[in-house]
Amino acid sequence: MKIGIFADPEAVADVAATLVITAMARTENRSLGVSTGSTPLPLYARLREAHARGEFTLEGVRAYSLDEYVGLPVEHPQSYRRVLFNELVGEGRTGLREEDLHTPNGHAEDVFAEAARYEESVIDARIKLQILGIGTNGHIGFNEPGTSLSARTHVEVLAKQTRSDNARFFGDDPDAVPELCITQGAGTIMEAKKLLLLATGATKATAVRAVVEGGISMHWPGSVLQWHDSVVLLADEEAAAELENADLYKERWELTTRRNM
Ligand code: GLP
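Attention here is on the structure that accompanies the text.

Definitions and cut-offs
- Residues numbered from 1 in each chain as written.
- Predicted model: local features only at pLDDT ≥ 70, side-chain atom pairs only at ≥ 80, totals over all residues.
- Heavy atoms only, no water.
- Helix = DSSP H or I, 4+ residues; strand = E, 2+ residues; numbered from the N terminus.
- Rg over C-alpha atoms; globule rule 2.2 N^0.38 Å.
- Contact = heavy atoms within 4.5 Å.
- Areas by Shrake-Rupley, 256 points an atom, 1.4 Å probe, with all protein chains shown as cover.
- Lys, Arg positive; Asp, Glu negative; His and termini not counted.
- Charge placed at Lys NZ, Arg CZ, Asp CG, Glu CD.
- Axes fitted to C-alpha atoms, helices over the stretch in contact; angles between N-to-C directions.
- Phe/Tyr/Trp six-rings, centres within 6.5 Å; stacked < 30°, edge-to-face > 60°.
- Buried < 20%, exposed > 50% of the residue type's maximum accessible area, 1.4 Å probe, protein only.
- Lys NZ or Arg CZ within 6 Å of the ring centre and 35° of its normal.
- Near = heavy atom within 4 Å.
- Polar contact = N/O pair within 3.5 Å; in protein donor to acceptor, adjacent residues only side chain to side chain.
- Nonpolar A, V, L, I, M, F, W, Y, C, P; charged D, E, K, R; others polar.
- Pairing = 2+ DSSP bridges.
- Salt bridge = Lys/Arg side-chain N within 4 Å of Asp/Glu carboxyl O.

## So, the overall build of the protein
Step number 1: From N to C terminus, the protein includes 8 helices and 10 strands.
Step number 2: What you see for the protein is a C-alpha radius of gyration of 17 Å, in line with the 18 Å of a compact globule of 261 residues.
Step number 3: Pairs at least 24 residues apart make up 77% of the contacts formed inside the protein by residues separated by at least 6 positions.
Step number 4: Element-wise, carbon and sulfur atoms account for 50% of the exposed surface of the protein, whose accessible area totals about 11800 Å².
Step number 5: Distance between charge centroids for the protein: 7 Å, based on 26 positive and 39 negative side chains.

## A few points about the packing of helix α2 (residues 41-52) against helix α3 (residues 80-88)
Step number 1: It is the contact of α2 with α3, at a shortest axis distance of 9 Å, that shows an interaxial angle of 35°. Across the interface between the two elements, Leu-41, Tyr-44 and Arg-48 of α2 pack against Leu-84, Glu-87 and Leu-88 of α3.

## A few points about the packing of aromatic side chains
Step number 1: Taken as a whole, this structure holds 5 aromatic pairs when the rule is applied.
Step number 2: Where Tyr-69 meets Phe-170, the ring centres are 5.6 Å apart and the plane angle is 90°; that geometry is what we call edge-to-face. Taken together, the residues span a long stretch of sequence, with Tyr-69 in strand β4 (residues 67-69) and Phe-170 in the loop between α5 (160-165) and β8 (180-183) at a distance of 101 residues. The burial state of Tyr-69 is the same as that of Phe-170; both residues are buried.
Step number 3: When the centroid spacing of 5.9 Å and the interplanar angle of 15° are considered together, the rings of Tyr-80 and Phe-142 count as stacked. Here Phe-142 lies in the loop between β6 (129-132) and β7 (154-157) and Tyr-80 lies in helix α3, a separation of 62 residues in the sequence.
Step number 4: In this structure Phe-142 comes out as buried when scored by relative accessible area, which is 2%.
Step number 5: Aromatic rings pair up to connect Tyr-69, Tyr-80, Phe-142 and Phe-170 into one cluster.
Step number 6: The ring of Trp-253 carries Lys-2 above its face, with NZ or CZ at 4.6 Å from the centroid.
Step number 7: Between the NZ or CZ atom of Arg-82 and the centre of the ring of Phe-85, over which it lies, the distance is 5.1 Å.

## Comments concerning the site of the ligand
Step number 1: Around the ligand, a shell composed of 14 residues is seen, among which Ser-38, Thr-39, Asn-166, Arg-168 and Lys-204 lie nearest.
Step number 2: Within the side chain of Asp-67, a nitrogen or oxygen atom sits 2.9 Å from a nitrogen atom of the ligand.
Step number 3: For the ligand, the protein covers 95% of the area, taking 390 Å² as the surface of the free molecule.
Step number 4: In terms of residue class, the shell around the ligand is made up of 3 nonpolar, 8 polar and 3 charged.

## Looking at the environment of Ala-23
Step number 1: With respect to the element layout, Ala-23 can be found in helix α1 (residues 9-26).
Step number 2: In the structure, Ala-23 is positioned 106 residues away from Leu-129 in sequence and 7.2 Å away in space, judged by C-alpha atoms.
Step number 3: Ala-23 has contacts with Lys-128 and Leu-129, leaving out every residue within four places of it along the chain.

## A word on unusual backbone geometry
Step number 1: The phi dihedral of Arg-126 is positive, around 45°, even though this residue is not glycine.
Step number 2: Among the secondary structure elements, Arg-126 is positioned in the loop between α4 (111-125) and β6.
Step number 3: With a relative accessible area of 59%, Arg-126 lands in the exposed category.
Step number 4: At Asp-172, a position not held by glycine, the phi torsion is positive, near 60°.
Step number 5: Its location among the elements puts Asp-172 in the loop between α5 and β8.
Step number 6: Here Asp-172 falls in the exposed class, since its relative accessible area comes to 61%.

## Notes on the sheet that holds β6
Step number 1: Read from one edge to the other, the open sheet built from 7 strands follows the order β1-β10-β9-β6-β2-β3-β5, with strand pairing classed as parallel. Both outer strands of the open sheet, β1 (2-6) and β5 (101-102), are each paired with one neighbouring strand and no more.
Step number 2: Summarising the sheet, strand β2 (residues 31-34) and strand β3 (residues 62-65) pair through 4 bridges and their orientation is parallel. Bridging from a neighbouring strand, Ser-31 pairs with Arg-62 of β3.

## Quick word on the side chain of Glu-68
Step number 1: In this fold, Glu-68 is placed in strand β4.
Step number 2: Although Glu-68 is buried, it forms no salt bridge, and the closest oppositely charged side chain is Arg-81 at an N-O distance of 6.9 Å.
Step number 3: A polar contact of 2.8 Å, which involves the side chain of Glu-68, links it to the backbone nitrogen of Tyr-80.
Step number 4: A distance of 3.0 Å separates the side chain of Glu-68 from the backbone nitrogen of Arg-81, its partner in a polar contact.

Spelled out as structure tokens, the structure:
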């Protein structure tokens, strides 16, 4: 795992944007895994700015969401399809075409069959780069503690902690947060060629420490990333505050970046 530690979320977003822009320019297979939550929003703003300057486009790229709430109407402002549409789709944003934005259908009559369909489409897409955030309980996508680290796309029950963390998007009412979602499994996420994990803010410090320096365990689902051979973690100082080996990671980042490794 390559770990970069930066002063603040803005600096994290700058580096993340460079990585995404480079990865999407270089590749034949232009498929990008996108995530929601507040963490990647400054990155998406950078991508829109680069698009406005004519330096970057997601036109022709297929984008795949990690997850979606079950039961929210698609036009609900917090449905992940709506959030990603508003952030990325259209010429005024990043050039991503609406038909190239893929999200699980949280309104499917049979959400289990929908999870299986979505799994197949993600695997077929062979995601080149997957953007990830992390929950305060260590979840990636919506893989909550206790979920198999080799799980495929499935219907997940949201942890109480997650519903309370996400209540800020639902008028501060945890009960307004859906109880179920469809999420790529940790095993599905691990199939992406490269993973870009972003973590900012003090509320993520314990999860970052557990995921990077703890054992690989279902208790902290993001810890499965230790087993992937191409992960970049970009954290701000607050999210990195509990890392025991922070100085080593910083030295390694400096040296490998300088040598273009
Ligand atoms: C959300 C999403 C995750 C996200 C995480 C952290 O609910 N399902 O993909 O990484 O929880 O969210 P935030 O970035 O808002 O802290």
